[in-house]
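Residue-level listing of the chains:
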Amino acid sequence: MFQSAAKTLSVATTTAATLTRGTSFSIRRYCQKTPATLRVSEAVSGAKLGANVKVQGWVRSVRPQKANLFLHVNDGSSLQSLQVVASSELDDPLLTLGSAVEVTGTLRKSPRQRQPFELEADRIHVVGDCDPVDFPFKIKERHSLEYIRQFPHLRCRTNAFSSLLRIRSEATTAVHSYFKPSSPNNEEGEKFFSVPAFLTVSGQLHLEVMSGAFSRVYTFGPTFRAENSQSRRHLAEFYMVEAEVSFTQSLEDLTKVMEDMFRSATEHVLAHCAEDVDLFHKHVTPGHRDTVDAMLKNRFPWGCDLQTEHEKHLVKHCGNIPVFVTDYPYDLKPFYARDNLDHPEHTAAAVDLLVPGVGELCGGSLREERLDLLKARLGEYLDLRRFGSVPHGGFGMGFERFLQCILGVDNIKDVIAFPRFSHSCPL
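Residues numbered from 1 in each chain as written. Predicted model: local features only at pLDDT ≥ 70, side-chain atom pairs only at ≥ 80, totals over all residues. Heavy atoms only, no water.

Scanning the protein chain from terminus to terminus reveals 13 helices and 12 strands. Residues classed as buried in the protein chain amount to 46% of the 427 residues present. Within the protein chain, contacts between residues separated by at least 24 positions form 62% of all contacts whose residues are at least 6 apart in sequence. When the accessible surface of the protein chain is summed, it comes to about 22,600 Å², and 53% of that surface belongs to carbon and sulfur atoms. (Helix = DSSP H or I, 4+ residues; strand = E, 2+ residues; numbered from the N terminus. Buried < 20%, exposed > 50% of the residue type's maximum accessible area, 1.4 Å probe, protein only. Contact = heavy atoms within 4.5 Å. Areas by Shrake-Rupley, 256 points an atom, 1.4 Å probe, with all protein chains shown as cover.)

So, about the environment of Leu374. Mapped onto the secondary structure, Leu374 falls in helix 11 (residues 371-374). Through-space distance from the C-alpha of Leu374 to that of Phe335 is 7.5 Å; in sequence the pair is 39 residues apart.

Taken as a whole and judged by the stated rule, the model has 16 salt bridges. Where Arg108 meets Glu118, a salt bridge forms, and the shortest distance between an N and an O atom there is 2.7 Å. With a gap of 10 residues between them, Arg108 in strand 5 (residues 100-109) and Glu118 in strand 6 (residues 117-128) connect regions that are remote in the sequence. Take Arg108: its relative accessible area is 27%, and that puts it in the partly exposed class. (Salt bridge = Lys/Arg side-chain N within 4 Å of Asp/Glu carboxyl O.)

The next subject is the packing of helix 7 (residues 251-272) against helix 13 (residues 399-407). Packing of helix 7 against helix 13 brings their axes to within 11 Å, and their N-to-C directions diverge by 60°. Relative to helix 13, the element helix 7 lies oblique. As for how helix 7 packs across helix 13, the hand of that crossing is right-handed. Across the interface between the two elements, Phe262, Ala265, Thr266 and Val269 from helix 7 touch Phe402, Cys405 and Ile406 from helix 13. In the contact of helix 7 with helix 13, the residues fall into 6 nonpolar, 1 polar and no charged. (Axes fitted to C-alpha atoms, helices over the stretch in contact; angles between N-to-C directions. Parallel < 35°, antiparallel > 145°, perpendicular 65-115°, else oblique. Left-handed = near helix turned anticlockwise from the far one by under 90°. Nonpolar A, V, L, I, M, F, W, Y, C, P; charged D, E, K, R; others polar.)

Turning our attention to the pairing of strand 9 (residues 323-329). Each regular strand displays side chains that alternate between the two surfaces of the sheet. Taken across its 7 residues, strand 9 has 5 buried, putting it largely inside the fold. Bridge count between strand 9 and strand 10 (residues 347-355): 6 bridges; the pairing is antiparallel. Considered in strand 10, the bridge of Thr326 is made with Val351. (Pairing = 2+ DSSP bridges.)

Counting 65 residues, the largest nonpolar core has Ile167, Phe179, Leu353, Leu361, Phe402, Leu403 and Leu407 as the members making the most contacts within it. Formed by 21 residues, the second largest nonpolar core is a distinct cluster that contains Val44, Leu82, Ile124 and Val126. (Core = buried A, V, L, I, M, F, W, Y, C linked by side-chain atoms within 4.5 Å.)

This brings us to the sheet that holds strand 11 (residues 359-367). Backbone-to-backbone hydrogen bonds pair the strands of a sheet. The strands run either parallel or antiparallel. Within the open sheet, the 6 strands sit side by side as 7-8-12-11-10-9. Their pairing is antiparallel. Across the chains shown, the open sheet's two edge strands, defined by having one partner strand only, are strand 7 (216-224) and strand 9. Here the strands of the sheet are splayed against their neighbours by 20° on average, with no regard to which way each runs. Of the strands in this sheet, strand 7 and strand 8 (237-246) are in contact with helix 5 (residues 159-179), which crosses strand 7 at around 155°.

Within the fold, Met261 resides in helix 7. Residue Met261 is classed as buried on the basis of its relative accessible area of 1%. Spatially, the C-alpha atom of Met261 lies 6.4 Å from that of Tyr178, the residues being 83 residues apart in sequence. Among residues more than four places away in sequence, those in contact with Met261 are Tyr178, Phe179, Val241, Phe395 and Met397.

Among all positions of helix 9 (residues 288-297), only His288, Thr291, Val292, Met295 and Leu296 are buried. Viewed end-on, helix 9 has its buried residues packed into an arc of 135°, placing them on one side of the element. Structural note: helix 9 exposes Asp290 and Lys297 on the side pointing more than 90 degrees away from its buried face. (Arc of directions from axis to C-beta.)

This is the structure we're talking about:
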């Protein structure tokens, strides 16, 4: 590597010396000899067609023939890999599944129907080799999510999990886009928040502090729970979207935000990650797209007190679409949930959003702003109510459960890069 750098430096020095002698050598022409570096997503869409380009990534397949060598290279920017065609003279025993390569050549139209563009290589440099014997993923095998979960340090190289991570990134953008205005010129009502959103560290109680000065606030970040559970629904570390709305005494104000956010984020992901989502809906969870379409087509109905019914049974009973469950028994809810004062039932103004395949996705409540009612339950918390408190409410949405819902993934450990839970922290 140092030798290559020295040779490059030598060429540049010679060029500079030539320029001082007054030759007609063109600096622009010299710079054009350096190939443009493209991401695979750019190359497969035909960017820089006909130009000399460089692509860096990992080998997804190798097919040597008598005269030619065919590779598929992917850098994580696209589900589709770039086909590389080279002379068999460029074959190298280090070119195996998983090896990291840097390929230089001409981007051209492909005569093959499956891929419109391919790279005709004149140079293939193996940056990092990969032991094909011990590498746990094979070229033509379709591995289950349960199998690839055993290799948290390598599973991002599979099609399914790289798609999941691109979807996760786009879903994160979608959540922020819902709560934050895209420009200072947005009209009133174009976004949920018509003024810049204000973020705090994390957690509902911090948001309640902020809601005493800003009428609409939210957070989106990691949350930690010391739950001694290894179920498919729980993690010790996960991401949570939380919002708090001031000047409201209506659960409908909260459920409207929940439903609008769910629709906005889901539609954004479907529009911007269509290829990656299709991989899940066709190969990982066949038929789940119909469930997602049904969720977007119908308004979310209201249920009543959940009592002893199972969450999934209630969702199925309502047509396998999301459903709101409201007004839980007061004694089952935390101190900050607003008392409905509806004796003898005695319920709290709380709401859960239940979705197909997952169960609870969002949970929230109106907050108890009446100081006299809080005094019987808590001491320290009271200061937030003594100085200009207003009726307010909020909710939280588990981000990983949202991804489970729209993709149909059964286990929450398969929608986060590095799952950590009770008695398990491999990375």
